[in-house]
Structure formats: structure tokens, C-alpha cells
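Residue-level listing of the chains:
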Amino acid sequence: MNPENQNSEFFAHQVEESVGYLLARSRTMLSRAIDESMRRLDITHAQGSVFMMLSMGTCHTAADLARELFIDSAAMKRTLDKLESKGYVQRIVDENDKRLFKLALTSSGKQLAAQLPAVYSEVLDVGFTGFAPEEINFLKYLLRKLLANRPTLEAWMAKNN
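Residues numbered from 1 in each chain as written. Predicted model: local features only at pLDDT ≥ 70, side-chain atom pairs only at ≥ 80, totals over all residues. Heavy atoms only, no water.

1. Topic: the packing of helix α3 (residues 45-56) against helix α5 (residues 73-85)
So, point 1. Close contact between α3 and α5 brings their axes to 11 Å; oriented N to C, the two are set at 80°. With respect to α5, the element α3 is oriented roughly perpendicular. Contact with α3, carried on its side by Q47, V50 and F51, involves M76, T79, L80, K82 and L83 of α5 and no other residues of that element.
So, point 2. Of the residues belonging to the contact of α3 with α5, the class tally is 5 nonpolar, 2 polar and 1 charged. (Axes fitted to C-alpha atoms, helices over the stretch in contact; angles between N-to-C directions. Helix = DSSP H or I, 4+ residues; strand = E, 2+ residues; numbered from the N terminus. Parallel < 35°, antiparallel > 145°, perpendicular 65-115°, else oblique. Contact = heavy atoms within 4.5 Å. Nonpolar A, V, L, I, M, F, W, Y, C, P; charged D, E, K, R; others polar.)

What follows is the structure, given as C-alpha cells:
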């Protein structure tokens, strides 16, 4: 066997067993299924995430959404422009700082947001077929632990860029 081919196979095996690779593939698989399910509501998975963050009160500005959803500000602006043109989101001038806009769901945006948990649940139920409740709880525990490292990772990124 060609040594170069052996190295290539070894590297492929390493990648396929990496946590990052497995997380990325899993996220992509679920995201594509959610995008497909969201079509019937005429929105994308990315737009659905904006709906969820606004409806939960987690985010109030475009900058909040971009930071929490790991999306650049230009892409967030395009997403919000699209949702605003569809009548789902409104920008409200911040009374404390006229340069800022707070975001709010319109009544039709709230109605649509109310439908999203069922869509997400349906996809996740299928995606997690064969998982015991304990396994799902443990996975959530591990993912929360990973997310808790965000400040450490951001500090590392700032130092190395």
C-alpha cells in the first residue's frame, strides 16, 4: 500500500473521530431538517432562531442577536430586513439612545413564533430516535458545559488574532 494513501486514511479517520467534526455534522443534519420543516412557514432556520430569541426575550437588538447566534452583523441586518419586510419584526427607536433600535415581534411575528417550538420538537424527536431520556439529558449537560467555555475561548481568540 502507498504510504501517502495510508497517511490520508489515517488523517480521514482522525477527522471522522474528532468531536468538532461530529458536532458540525450533527448540527448540519438537524439544521437542514429544520430548514425543510420551516419551509411550510415560509421562513428559514436562521430566521426561526431570530424569532425564538426575540420571543424568549433573550435578545433585544441586532447586535445582541448577532452575538448570540454567532452571525456577522451584515448577515443579521439582511435577516432582520427580510423579517421586517414580511411584517414579522419591527425596529423601535431606543428612548435612552436614539442611535439604537430595539427589536420586537409584531402580532403576526408572535403568532408565527408560537408555532416554532412544535416544529423544532418534531425534528428533534425524529433526530434523537433511539436516545434514552438520560442520554439526552447528559448530552445537554455536556453541551452546556462546552458553552460555558465561551468567555475562555473568546479570550483565547482575541489573544491569538
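2. What about the packing of aromatic side chains?
So, point 1. As enumerated under the stated definition, the model contains 3 aromatic pairs in all.
So, point 2. Relative to F131, the ring of F128 lies with its centre 4.9 Å away and its plane at 75°, an arrangement referred to as edge-to-face.
So, point 3. Looking at F128, the relative accessible area reads 22%, which means it is partly exposed.
So, point 4. When its relative accessible area of 40% is taken as the criterion, F131 is described as partly exposed. (Phe/Tyr/Trp six-rings, centres within 6.5 Å; stacked < 30°, edge-to-face > 60°. Buried < 20%, exposed > 50% of the residue type's maximum accessible area, 1.4 Å probe, protein only.)

3. Some details on the nonpolar core
So, point 1. Residues M38, I43, F51, L65, V89 and L116 are the most contacted members of the largest nonpolar core, which totals 25 residues.
So, point 2. Secondary-structure elements contributing two or more residues to this core are α2 (19-38), α3, α4 (62-69), α5, β2 (101-105) and α6 (107-127).
So, point 3. In terms of residue count, the dominant contributor to this core is α6 (6 residues).
So, point 4. Residue contacts for F51: discarding those within four places in its chain leaves I43, L83, Y88, L105, G109, L112, A113 and L116. (Core = buried A, V, L, I, M, F, W, Y, C linked by side-chain atoms within 4.5 Å.)

4. Looking at α6
So, point 1. A rise of 1.5 Å per residue sets the reference length of α6, with its 21 residues, at 30 Å; its end C-alpha atoms lie 31 Å apart and thus fit the reference within 8%.
So, point 2. At Q115, α6 is bent by approximately 25°, the largest bend along its length, and proline P117 sits one to four residues beyond.
So, point 3. All of the buried residues in α6 are G109, L112, A113, L116, V119, Y120 and V123. (Expected span 1.5 Å × (residues − 1). Bend = angle between axes of the 7 residues up to and from the residue.)

5. Some words on the environment of V123
So, point 1. Looking at where V123 falls in the secondary structure, it is placed in helix α6.
So, point 2. You can call V123 buried: its relative accessible area is 8%.
So, point 3. Distance in space between the C-alpha atoms of V123 and I34 is 6.3 Å, their sequence separation being 89 residues.
So, point 4. Residues within four places of V123 in sequence aside, it is in contact with L30, A33, I34 and S37.

6. Describing the pattern of salt bridges
So, point 1. With the rule as written, the count across this model stands at 11 salt bridges.
So, point 2. A salt bridge links K77 to D81; the nearest nitrogen and oxygen atoms lie 2.8 Å apart. Of this pair, K77 and D81 both sit in helix α5, separated by 4 residues, roughly a single helical turn.
So, point 3. Classification of D81 by relative accessible area gives partly exposed; the value is 29%.
So, point 4. Residues R91 and D81 are paired through a salt bridge, measuring 2.9 Å at the closest nitrogen-oxygen approach. You can see R91 sitting in strand β1 (residues 89-93) and its partner D81 sitting in helix α5, a full 10 residues away along the chain.
So, point 5. Beyond isolated ion pairs, a larger network of salt bridges with shared partners links K77, D81, E84 and R91. (Salt bridge = Lys/Arg side-chain N within 4 Å of Asp/Glu carboxyl O.)

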